[in-house]
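Summary of the model geometry
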Amino acid sequence: MSVMTDSGRDRRRFTAAVLGPETALEPTPVGDRVVRGVVVGATPHMLCLATPRGEERFLYDRATTLWRGGEARPDDLRDGDDAVVLCSRDGRLVAERVWAQAARATGVIVDREGETLEIDPGHGRPRTTVVLPYRTSGRIAVRHPRLEPGYVFDAVGVWREGAVWAARPATTQPPYPLSATPPRPPTPRHSTTLSGIAAWYDPAWGRSSHLDPRARVDGVAYPALDPVGHDAECDRRTSCVPLPLLSAGATLNLRNDCTRDTAVLPVVDCAAADSWLCDLCPACGGQGAGRIASLTMTAFVALGGLLEDGCFNATMTVHNGEG
């Protein structure tokens, strides 16, 4: 993950100066209710995290839900766990939801040995080791029947010993290997408002989230980065959504169609693997096929997404001057 550089911010300022401020909106602060850090203490009534602010404490109430590869109890959380907390709307002191060790593996399978897969996420990122535990392997196999090299894989799970232990599939696997994907016809005209799927990814890979600034970035990785000014590692294909080309630093307006939460977010990275999939998200019964963006973990939660679901249906608007 390459956090947006000063050149990306400069681009937005230059666009606004030349074409007007309405063409390059400033990002919306979305993280007031979302905190990410490392567990340093957990009791049946309270969670303590090491965060960039120092040590922060969050109380549980009867409505608090916890997830650690599945529904969890307070005593399932362990010191050193990477945790994301969604605070109550009534105040930052009460945790509404807590996710511990949340992880995701999206990409193409390059190797399999027993119940262990090696996933290439593309974009020059390091390969991910995925373990398929017996208790969840059946659920994974229903939506990923071909766990063989060459096929696309996408699952949500937890970090454990440097690998992603898959808990549930995040999509339905295409019935053909990536190399045999049918060609999609080019789209001659791009719309400024599009509907599709918003997914999530972790730019910090679950590591040192209290120290790594990438863990706190609120932005999107985008499947159709403009090749001008970006390296060849952003290996996008023709998406099933007619996405306009955007550059890092551009902003887009994204709405969660399930919760109606909306924010203006900057493009911070490449999400070319999203162009490999033409899937549906079951949330809210949406029918929009194809991925339009992958939000950073904290931005996804801030816009009402549940990490264990892996996606929500979304509407994206690109302002004049960006596309």
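Below, the structure is looked at part by part.

So, how was this worked out
- Residues numbered from 1 in each chain as written.
- Predicted model: local features only at pLDDT ≥ 70, side-chain atom pairs only at ≥ 80, totals over all residues.
- Heavy atoms only, no water.
- Pairing = 2+ DSSP bridges.
- Helix = DSSP H or I, 4+ residues; strand = E, 2+ residues; numbered from the N terminus.
- Axes fitted to C-alpha atoms, helices over the stretch in contact; angles between N-to-C directions.
- Contact = heavy atoms within 4.5 Å.
- Salt bridge = Lys/Arg side-chain N within 4 Å of Asp/Glu carboxyl O.
- Phe/Tyr/Trp six-rings, centres within 6.5 Å; stacked < 30°, edge-to-face > 60°.
- Buried < 20%, exposed > 50% of the residue type's maximum accessible area, 1.4 Å probe, protein only.
- Lys NZ or Arg CZ within 6 Å of the ring centre and 35° of its normal.
- Core = buried A, V, L, I, M, F, W, Y, C linked by side-chain atoms within 4.5 Å.

1. What about the pairing of strand β5 (residues 91–100)?
Examined bridge by bridge, strand β3 (residues 54–67) and β5 share five bridges and lie parallel to one another. For Tyr60, the partnering residue across the bridge sits in β5 and is Ala95. Where strand β4 (residues 82–88) lies against β5, six bridges are found, and the strand directions are antiparallel. Within β5, the position partnered with Val85 by the bridge is Val98.

2. Notes on the sheet that holds strand β10 (residues 163–169)
Read once around its circumference, the closed barrel built from five strands follows the order β6-β7-β8-β10-β9, with strand pairing classed as mixed. The average undirected angle you get between the axes of adjacent strands in this sheet is 55°. Sheet topology places strand β8 (residues 128–131) next to β10; two bridges connect them, and they run parallel. In the sheet register, Val131 faces β10, and the bridge partner there is Trp165. Against the sheet, helix α2 (residues 134–143) makes contact with β9 (152–160) and β10, and its axis sits at roughly 65° relative to β10, the strand it touches most.

3. Comments concerning the pattern of salt bridges
Enumeration over the complete set of coordinates arrives at 19 salt bridges. Linked by salt bridges that have partners in common, Arg104, Asp154, Asp274, Asp279 and Arg291 make up one network.

4. Digging into the packing of aromatic side chains
Enumeration over the complete set of coordinates arrives at one aromatic pair. Seen from their ring centres, Phe300 and Phe312 are 5.0 Å apart, and the 25° between their planes marks the pair as stacked. With Phe300 in helix α3 (residues 297–302) and Phe312 in strand β16 (residues 311–317), the pair connects residues that are 12 residues apart, well separated along the chain. Like Phe312, Phe300 is buried. Here the guanidinium or amino end of Arg160 rests over the ring plane of Trp165, the centre of that ring lying 4.1 Å away.

5. So, the nonpolar core
Core analysis: the biggest nonpolar cluster contains 43 residues, and Tyr222, Leu254, Leu295 and Met316 have the highest contact counts within it. Setting aside residues up to four positions removed in sequence, Leu254 forms contacts with Ala198, Asp261, Thr262, Ala263, Ile292, Leu295, Leu303, Ala314, Thr315 and Met316.

6. What to know about the pairing of β4
The buried fraction of β4 is high, at seven of seven residues. Linking β4 back to β5 in an antiparallel pair, the connection comprises two residues.

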